[in-house]
Amino acid sequence: MTDTSRPARPVILGQNQYGKAENRVVRITRDGATHHIKDLNVSVSLSGAMDDVHYSGSNASVLPTDTTKNTVYAFAKEHGIESAEQFGIHLARHFVTSQEPIHRARIRIEEYSWERIETPGEAQHSFVRKGQETRLAQITYDGSSWEVVSGLKDLTVLNSTDSEFWGYVKDKYTTLPEAYDRILATDVSGRWRFNWTDDAQEMPDWDASYEQTKQHMLRAFAETYSLSLQQTLYQMGSRIIENRDEIDEVRFSLPNKHHFLVDLEPFGLKNDNEVYFAADRPYGLIEATVLRDGREARIPADLTTL
């Protein structure tokens, strides 16, 4: 009997997935007069036995993307949002275990931070959006094992000294002068992969892990006398691996936000490492993975895909 569901030509379906992207959900928890806020952007991606919908248009195995959106909001009520990672775990488990055609769920979450505006009296329900980083989480579940990758982006850091750059390769196109005291600045984009992969393992404290990982990263940036941004990147990753047993892999993408000394001599002024021009582009882009010994890299080299 001929299979009419597949086109009679030398073409086959490759990897595929579908879902609902960028579901913005804000969850307010009311603890008497004191309120707490969680602000997430949740993207759901599902894959599995989806050949028929591509070959013949049959939707018999398709959970509507609108349903995945509704699930995000319902789960915010039913489960609350303890952390981005925990919320993603609830969602991924639900989609894989409740829908037979779904074999794998990937949940990507951006979390936007707010801090409380302290006011007199008991009422504490006012917040101001933090202007620092965006917290990130990606949770993937295939019905038996988990992969949790957390991270952040847009965390701008700067050292006003204790950075040099010299001794590099020079050719006929090199014009950059060697620097023995420079500003080192970057917008940190980082991801770190946990070694929690099984429900039988003790689950990390996601919020505590995030805050402590961020602090190790910042302290390494501040405490490293830098001869290159690559050296600083490695120290940031090493500090995390050495101090956070639950993390096996860290990947950073660090744009070098160049600060150039302004020539003030035309004005009869001496610029003693005081006045700089902050250039936004072009910029050097330094990227690398730091691993626990004996582990293999799984975070994509291109962080724009994660």
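Worth saying up front: this structure is predicted, and the values here are computed from it rather than measured.

The next subject is unusual backbone geometry. Here Arg281 and Pro282 are connected by a cis peptide whose omega angle stands at -5 degrees. Relative to the helices and strands, Pro282 resides in the loop between β11 (276-278) and β12 (284-291). Positive phi outside glycine occurs at Glu22, with the angle close to 55 degrees. According to the relative accessible area criterion, Glu22 is exposed, its value standing at 57%. Positive phi values are uncommon outside glycine, yet Asp162 reaches one of about 60 degrees. For Asp162, the location among the structural elements is in the loop between β7 (146-159) and β8 (184-194). Residue Asp162 is classed as partly exposed on the basis of its relative accessible area of 37%.

Quick look at the pattern of salt bridges now. What the rule picks out here adds up to 19 salt bridges. Across the pair Glu246 and Arg244 runs a salt bridge whose closest N-O atoms are separated by 2.9 Å. For the residue pair Glu246 and Arg244, the accessibility class agrees, reading buried in each case. When salt bridges with common partners are traced through the structure, they connect Lys38, Glu85, Glu111, Arg135 and Asp207 into a single cluster.

Grouped together as the largest cluster of nonpolar side chains are 52 residues, with contacts concentrated most on Val42, Phe87, Ile107, Val188, Met217 and Phe252. For this core, the element with the highest residue contribution is helix α3 (residues 84-98), accounting for seven residues. The residues touching Met217, leaving out its near neighbours within four places in the chain, are Leu152, Leu155, Val188, Trp192, Met236, Ile240 and Phe252.

Quick notes on the rules
- Per chain, the residues get numbers from 1 upward, laid out in the order the sequence is written.
- Where totals are concerned, whole chains, interfaces and linings use all residues; where local detail is concerned, this predicted model gives features only for residues with pLDDT of at least 70, and gives and counts side-chain atom pairs only at 80 or more.
- For the side-chain quantities, the full set of heavy atoms in the structure was used; hydrogens and water were omitted.
- To qualify as a helix, a DSSP run of H or I must reach at least 4 residues; to qualify as a strand, a run of E must reach at least 2; elements of each kind are numbered from the N terminus.
- For every residue, the accessible area (1.4 Å probe, protein chains only) is compared with the maximum for its type, and the residue is labelled buried under 20%, exposed over 50%, or partly exposed between those bounds.
- The term salt bridge refers to a side-chain nitrogen of Lys or Arg lying within 4 Å of a carboxyl oxygen of Asp or Glu.
- To qualify as a nonpolar core, a set must consist of buried Ala, Val, Leu, Ile, Met, Phe, Trp, Tyr and Cys residues joined through side-chain atoms within 4.5 Å.
- By definition in these notes, contact holds between two residues if any of their heavy atoms fall within 4.5 Å.

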